[in-house]
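# Commentary on secondary and tertiary structure
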Amino acid sequence: MKTYLKLGILFLMLFSIKETIAQKDSTALQRKARSMVRQGNELYKNKQFTDASVAYKKALSNSSYYDKASYNLGNALYQNKNYKEALPQYELTAKTAEDKFTKAQAYHNIGNAHMETKNYQGAVDAYKNALRNNPSDDETRYNLAVAQKLLDKENQQNKDDKNKDNKDKKDQKDQDKDNKDNQKDKNKDQKDGDDKDKKKDKDGDGDQDKDKQQKPKKDDKKDQKQKPKPQQGKMSPQQIKQLLESLNNEEKKTQKKMNAKKAKGKKTKQEKDW
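First, a word on scope: everything that follows refers to the structure included in this document. Source: prediction; values computed, not measured.

## Regarding the packing of helix H4 (residues 83-96) against helix H5 (residues 100-116)
- Interaxial distance between H4 and H5 falls to 8 Å at its minimum, and their mutual angle equals 160°. The angle between the axes of H4 and H5 places the two elements in the roughly antiparallel class. You can see that H4 and H5 cross each other, and the crossing is left-handed. Mapping the contact onto sequence places Tyr83, Leu87, Tyr90, Glu91, Thr93, Ala94 and Lys95 in H4 and Thr102, Lys103, Ala106, Tyr107, Asn109, Ile110, Ala113, His114 and Glu116 in H5.
- Of the residues belonging to the contact of H4 with H5, the class tally is 8 nonpolar, 4 polar and 4 charged.

## Re helix H6 (residues 120-133)
- In this model, H6 (14 residues) spans 20 Å end to end at C-alpha, consistent with the 20 Å of a helix rising 1.5 Å per residue.
- The set of residues buried in H6 consists of Tyr120, Gly122, Ala123, Val124, Ala126, Tyr127, Ala130, Leu131 and Asn133.

## A word on a nonpolar patch on the surface
- Taken together, the side chains of Leu243, Leu244 and Leu247 define a hydrophobic patch exposed on the protein surface, amounting to about 290 Å² of accessible area.
- Structurally, leucine 247 can be placed in helix H9 (residues 237-265).

## Examining the packing of helix H3 (residues 67-79) against H4
- H4 packs onto H3 with a crossing angle of 160° between their chain directions and a minimal axis gap of 8 Å. Taken together, the axes of H3 and H4 lie roughly antiparallel to each other. Here the hand of the crossing between H3 and H4 comes out left-handed. Packed against H3, whose contacting residues are Asp67, Ser70, Tyr71, Leu73, Gly74, Asn75, Leu77 and Tyr78, the element H4 presents Tyr83, Glu85, Ala86, Gln89, Tyr90, Leu92, Thr93 and Thr96 at the interface.
- Among the residues making up the contact of H3 with H4, the classes are represented as 8 nonpolar, 6 polar and 2 charged.

## Brief notes about the packing of aromatic side chains
- Throughout the structure, instances matching the rule amount to 3 aromatic pairs.
- Note on tyrosine 78 and tyrosine 83: the rings are 5.1 Å apart at their centroids and 70° apart in plane angle, and the pair reads as edge-to-face. Tyrosine 83 matches tyrosine 78 in its accessibility class, with the two residues each being buried.

## With respect to unusual backbone geometry
- Even without being glycine, lysine 81 reaches a positive phi, approximately 65°.
- Phi is positive for lysine 118, which is not a glycine, with a value near 60°.

## Some details on the side chain of serine 70
- Following the sequence through the fold, serine 70 ends up in helix H3.
- In contact with serine 70, other than residues within four places in its own chain, are Leu60, Gln89, Leu92 and Thr93.

## Re the nonpolar core
- If you look at the biggest cluster of nonpolar residues, it comprises 23 residues, and the most contacted ones within it are Val37, Tyr56, Ala59, Tyr66, Ala69, Tyr78 and Tyr90.
- Counting only elements with at least two residues in this core, the list comes to helix H1 (2-45), helix H2 (49-62), H3, H4 and H5.
- Considering every element that reaches this core, the biggest residue donor is H3, with 6 residues.
- Residues within four places of valine 37 in sequence aside, it is in contact with Tyr56, Ala59, Tyr66, Ala69 and Asn72.

## With respect to the pattern of salt bridges
- Under the defined criterion, the tally for this structure stands at 1 salt bridge.
- Across the pair arginine 141 and aspartate 138 runs a salt bridge, and its minimum N-O distance is 3.0 Å. Residue arginine 141 and its partner aspartate 138 are located together in helix H7 (residues 138-214), separated by 3 residues, close to a single helical turn.
- Relative accessible area serves as the criterion here: at 57%, aspartate 138 is assigned to the exposed category.

Criteria and cut-off values
Residues numbered from 1 in each chain as written. Predicted model: local features only at pLDDT ≥ 70, side-chain atom pairs only at ≥ 80, totals over all residues. Heavy atoms only, no water. Axes fitted to C-alpha atoms, helices over the stretch in contact; angles between N-to-C directions. Helix = DSSP H or I, 4+ residues; strand = E, 2+ residues; numbered from the N terminus. Parallel < 35°, antiparallel > 145°, perpendicular 65-115°, else oblique. Left-handed = near helix turned anticlockwise from the far one by under 90°. Contact = heavy atoms within 4.5 Å. Nonpolar A, V, L, I, M, F, W, Y, C, P; charged D, E, K, R; others polar. Expected span 1.5 Å × (residues − 1). Buried < 20%, exposed > 50% of the residue type's maximum accessible area, 1.4 Å probe, protein only. Patch = residues over 30% accessible without salt bridge, like charges linked within 9 Å, V, L, I, M, F, W, Y side chains within 5 Å. Areas by Shrake-Rupley, 256 points an atom, 1.4 Å probe, with all protein chains shown as cover. Salt bridge = Lys/Arg side-chain N within 4 Å of Asp/Glu carboxyl O. Phe/Tyr/Trp six-rings, centres within 6.5 Å; stacked < 30°, edge-to-face > 60°. Core = buried A, V, L, I, M, F, W, Y, C linked by side-chain atoms within 4.5 Å.

Everything listed here is a matter of coordinates, which is why it stays silent on function.
Structure (structure tokens):
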């Protein structure tokens, strides 16, 4: 029994010592964090915003939920125009800060960062949260009015652009329809013209056939006139020449035969013996 009691006392002493050491470590870290924040503030006053950011980050590494360190880091990043990086620091401060005044400041700066990135809706929401925590802040109220005006203008512009896009689409659709109708009419006119030409060609072919049946073509007469054929019963000069040559040859042959016959039938004259 005494042994268990001694062990229990020993355990409590060890736990107490551990807690004391942890508290001392925590206190030391907090002191170090505060020291780094003071160092960062000096750098910030001298407009050494990059070095100040490094000091605030070291402070947060020693005390993660040190709202002053996160808020000041957000300011240093904001001054370096790193607005998107500043936003998470302000949001962390707004979440972890215990007093409403610090929360209001964080939301106010969140609104300013959104304004710089032209996120007017985000700015309006942030300024409203700032006023909920500090309703008497006239600067936040003024910023809210400016952000609301810019948001309304943006919404109106977006609406006008949408209406313009819809109108342009409608006009384009109507234009396409008109072009399509015009093309249909053009195709119809072309088809009607082709039908008329076909009918005309068909009628023309019929008339030509009729002319062929009733009378010879004018062109045929012309051809007949240009190329006359020898008329029946009349000989061409060439034929007459050939005929004359043939008759002349025949006459020569006949004359030759007659001369030969006379020579054969003539008797030799003898002298009469008296």
